[in-house]
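# Breakdown of the fold
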Amino acid sequence: MATATATRPVMLACEEPLPVPVGRPDSNGLAERPLPDVEITNPERSRSLKQQALAHVTPYQALPVQGPLVEPRLTASYPVLEPDEDRDERIQTVIEEYKATLVERTRLHMGYPYNLDFDYGPLESLQKFCINNLGDPFIESNYGVHSREFEIGVLHWFARLWEIDQGEYWGYITNCGTEGNLHGILVGRENLPDGILYASSESHYSVFKAARMYRMDSVQVKTLASGEMDYDHFKQEVTRNARRPAIVNVNVGTTVKGAVDDLDHILRVLQEAGYTEDRFYIHCDGALFGLMIPFVRRAPLVTFRKPIGSISVSGHKFIGAPVPCGVVITRQRYITALSQDVEYLNSKDATIMGSRNGHAPIYMWYTLTRKGYGGMRKDVERCLRNAHLLKTMLEQAGITAMLNPLSSTVVFERPKDAGFIRKWQLACEGPIAHVVVMPNITIDKLDEFMAALIQSRAQCAAEAAHQLAREARLQAAHDLEEEERLNGGLGGPWQ
Ligand SMILES: *Cc1c(COP(=O)(O)O)cnc(C)c1O
């Protein structure tokens, strides 16, 4: 142990004795303290406000995030201890242990659409810097430790991919796909303040979260079995609400089934319902697939040559990055409605976040520069091929599977064994699970996964059969007892 002075405990606010709860005897067993005479301001009003708020919010809820759908697993913690003499050794042990966990979890990951195959070794020396691109990427702030030159390079790359000229577009590197959705929908709302948000019920939960945050009216459009928007239902809804502008979220790859909403069909519906271009705004949520679809042959084009307002993607999904990040691109003319000068930054404020991760643009720049458009195309082709392979393997093993034609998301029956789901980090919703085939999901890994899945299913089936036998045995014993009791009642030998 270190000397008393070195380890003198620091008194924290949370170590102050807690006040005794009102209305209960305190720990010394003293008499109950009376409730203080606080005037509760109009309880009726608070209640009704809350009810109104709920009534207002509930329709926007995509999927309930609480209740029986989730089985919370509590996270363990590495406690933060006060420094002592073996602090450095202790830190080292924790980090080594944690690193081993990361290696194992990275190896056994199938469910989420993250490309875990990357090596940013040459960028390690940049860890020493607090790189922050706060504010607008195109306008230098007074804070000089930034990476805007990389950010603009990456943005131009995406602008070219989605066919919008430099000078015509505005965008930035976000913290994640969710931030891209929050931004795209905000740009729509600020340009069409009275607009109603339309999104399919299989949209990512961040889309309806945006509607809740911005207090927008929203319509959940039904979906087809594939996970695509039900265009007939969409048509009914936009026709019914034709007096108000439409802000439409188009899924370029849904989270669970990888379904792509047909942008051309949606545009046609809007036109038929009498919406001119100044009365609708389309945000394309391409978190995963927005970066893959331009490289898929025969896929419909998602491009700014069509009247869309914004596209967003996640950077840590298909590209692969050690930190969550993303990109959002919109038209320059829409941003004017939204941005404000901020003297403190000497920049403009048109982003959702203030401080922005300046390392993220460098990671993206590095991978895009190393792979180029050609390398990305190869990655996409390999993922689609391997996704087909997985689907075929599942079907041959007698497991029902589905793969949308443009997608690398393979959907199949949810495995029964929760331990298996956890081990392979499968994302599940209701009766289905999926594997999103990313560049790091190799043929060998699929092979290993299938062997484990088949084994787990066999084990579950064996256990289920065993359980049935056990129940049948109990029932038979019970029947026998019952029979003997009846016989006994009629004058059995033990009476
Ligand atoms: C993953 C995903 C998002 C959210 O992206 P994050 O980077 O996780 O915030 C949004 N939409 C879709 C379709 C997604 O798959």
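Residues numbered from 1 in each chain as written. Predicted model: local features only at pLDDT ≥ 70, side-chain atom pairs only at ≥ 80, totals over all residues.

### Here's the deal with the overall build of the protein
Summing up its helical and strand segments, the protein has 11 helices and 13 strands in all. When contacts within the protein are restricted to residue pairs at least 6 apart in sequence, long-range pairs at least 24 apart make up 71% of them. (Helix = DSSP H or I, 4+ residues; strand = E, 2+ residues; numbered from the N terminus. Contact = placed C-beta atoms within 7 Å.)

### Quick notes on the sheet that holds strand E1 (residues 169-174)
Taken in spatial order, the seven strands line up as E1-E7-E6-E5-E4-E2-E3 in an open sheet, and their pairing is mixed. In this open sheet, the two strands that pair with only one neighbour each are E1 and strand E3 (218-221). The sheet shows a mean angle of 15 degrees between the axes of neighbouring strands, direction not considered. Where strand E2 (residues 196-200) lies against strand E4 (residues 246-251), three bridges are found, and the strand directions are parallel. In the strand pairing of E4, Tyr 198 is matched with Val 248. Running over the sheet, helix H3 (residues 148-161) touches E1 and strand E7 (326-331) and is turned about 65 degrees from E7. (Pairing = 2+ DSSP bridges. Axes fitted to C-alpha atoms, helices over the stretch in contact; angles between N-to-C directions.)

### Considering the sheet that holds strand E10 (residues 401-403)
Spatially, E10-E11-E13-E12 is the arrangement adopted by the four strands of the open sheet, whose pairing is antiparallel. Across the chains shown, the open sheet's two edge strands, defined by having one partner strand only, are E10 and strand E12 (427-429). Direction aside, the axes of adjacent strands within the sheet are offset by 25 degrees on average. Of the pairings in the sheet, the one linking E12 to strand E13 (residues 432-436) comprises three bridges and is antiparallel in character. Looking across to E13, one finds that Glu 429 is bridged to Ile 432. Against the sheet, helix H9 (residues 359-396) makes contact with E10, strand E11 (409-413) and E13, and its axis sits at roughly 160 degrees relative to E10, the strand it touches most.

### Some remarks on the pairing of E3
On E3, burial covers both faces: Ser 218 and Gln 220 on one face and Val 219 and Val 221 on the other are all buried. When E2 meets E3, the two strands line up parallel, connected through four bridges. Residue Tyr 198 lies in a different strand from E3, and its bridge partner there is Val 219. Following the backbone out of E2, through helix H5 (residues 205-213) and into the adjacent parallel E3, one traces a crossover that is right-handed. (Buried ≥ 20, exposed ≤ 12 C-beta atoms within 10 Å, placed from the backbone. Right-handed = clockwise from strand over helix to strand, strands pointing away.)

### Thoughts on the site of the ligand
The ligand sits among 16 residues. The nearest are Cys 176, Gly 177, Thr 178, His 204 and Ala 287. When residues in the shell around the ligand are grouped by element, the largest group, three residues, is from helix H4 (residues 177-191). In the shell around the ligand, the residues fall into four nonpolar, 11 polar and one charged. (Near = placed C-beta within 6 Å. Nonpolar A, V, L, I, M, F, W, Y, C, P; charged D, E, K, R; others polar.)

### Thoughts on H9
In this model, H9 (38 residues) spans only 44 Å end to end at C-alpha, well below the 56 Å of a helix rising 1.5 Å per residue. The axis of H9 is deflected most strongly, by about 85 degrees, at Gly 372. Where H9 ends, the next residue or the one after it, Gly 398, has phi of about 80 degrees, a positive value. (Expected span 1.5 Å × (residues − 1). Bend = angle between axes of the 7 residues up to and from the residue.)

### Things to note about the packing of H4 against H5
Axes are the key here: two packed helices are described by the angle between their axes and the distance separating the axes. In contact at an axis separation of 9 Å, H4 and H5 are set at 45 degrees when each is read in the N-to-C sense. By the criterion of interaxial angle, the relationship of H4 to H5 is oblique. With respect to the hand of their crossing, H4 and H5 are arranged in right-handed fashion. Across the interface between the two elements, Thr 178, Asn 181, Leu 182 and Ile 185 from H4 touch Ser 206, Val 207 and Ala 210 from H5. The residue makeup of the contact of H4 with H5, split by class, is four nonpolar, three polar and no charged. (Parallel < 35°, antiparallel > 145°, perpendicular 65-115°, else oblique. Left-handed = near helix turned anticlockwise from the far one by under 90°.)

### Things to note about the pairing of strand E6 (residues 310-314)
Two faces make up the sheet, and in a regular strand the side chains alternate between them. The element E6 is largely enclosed, with a buried count of five among its five residues. Where strand E5 (residues 280-285) and E6 come together, three bridges link them in parallel fashion. Bridging across to E6, Asp 285 finds its partner in Ser 312.

### Side note on the environment of Leu 389
Looking at the element boundaries, Leu 389 is found in helix H9. With 16 C-beta atoms packed within 10 Å, Leu 389 lands in the partly exposed category. Put simply, Leu 389 and Val 410 are 21 residues apart on the chain and 10.0 Å apart in space, counted from C-alpha to C-alpha. What Leu 389 contacts, discounting residues up to four positions off in sequence, is Ile 443 and Leu 446.

### With respect to the confidence of the model for the protein
Of all residues in the protein, 84% attain a pLDDT of 70 or more, and the chain-wide mean is 86. Low pLDDT (under 50) marks residues 1-7, which in the prediction has five contacts with non-local residues, meaning those over four places away or in another chain. In the model, residues 18-41 has pLDDT below 50 throughout and makes 11 contacts with residues more than four positions away in sequence or in other chains. (pLDDT = per-residue confidence, 0-100.)

### Some words on the nonpolar core
Of all hydrophobic cores here, the largest spans 91 residues; its most connected members are Val 154, Trp 162, Tyr 198, Ile 329, Met 364 and Val 437. It is H9 that provides the largest number of residues to this core, a total of 13 residues. Residues within four places of Met 364 in sequence aside, it is in contact with Val 154, Gly 315, Ile 319, Ala 321 and Cys 325. (Core = buried A, V, L, I, M, F, W, Y, C linked by C-beta atoms within 7 Å.)

### A closer look at the UniProt feature "modified residue: N6-(pyridoxal phosphate)lysine" (unreviewed entry) in the protein
Mapped onto this numbering, the UniProt entry gives "modified residue: N6-(pyridoxal phosphate)lysine" (unreviewed entry) at Lys 317. Mapped onto the elements of the fold, Lys 317 is located in the loop between E6 and E7. When neighbours within four sequence positions are excluded, Lys 317 is seen to be in contact with Pro 113, Tyr 114, Asn 115, Ala 287 and Leu 288. (UniProt positions renumbered as here; feature names shortened; annotations may be inferred.)

### What about H3?
Taking 1.5 Å per residue as the helical rise, H3 with its 14 residues ought to reach 20 Å, and the 20 Å between its terminal C-alpha atoms agrees with that figure. Burial in H3 covers these residues: Arg 148, Phe 150, Glu 151, Val 154, Leu 155, Phe 158, Ala 159 and Leu 161. Residues of H3 that are buried make contact with E1, E7 and H9. Glu 163, located one to two residues past H3, shows a positive phi value of around 60 degrees.

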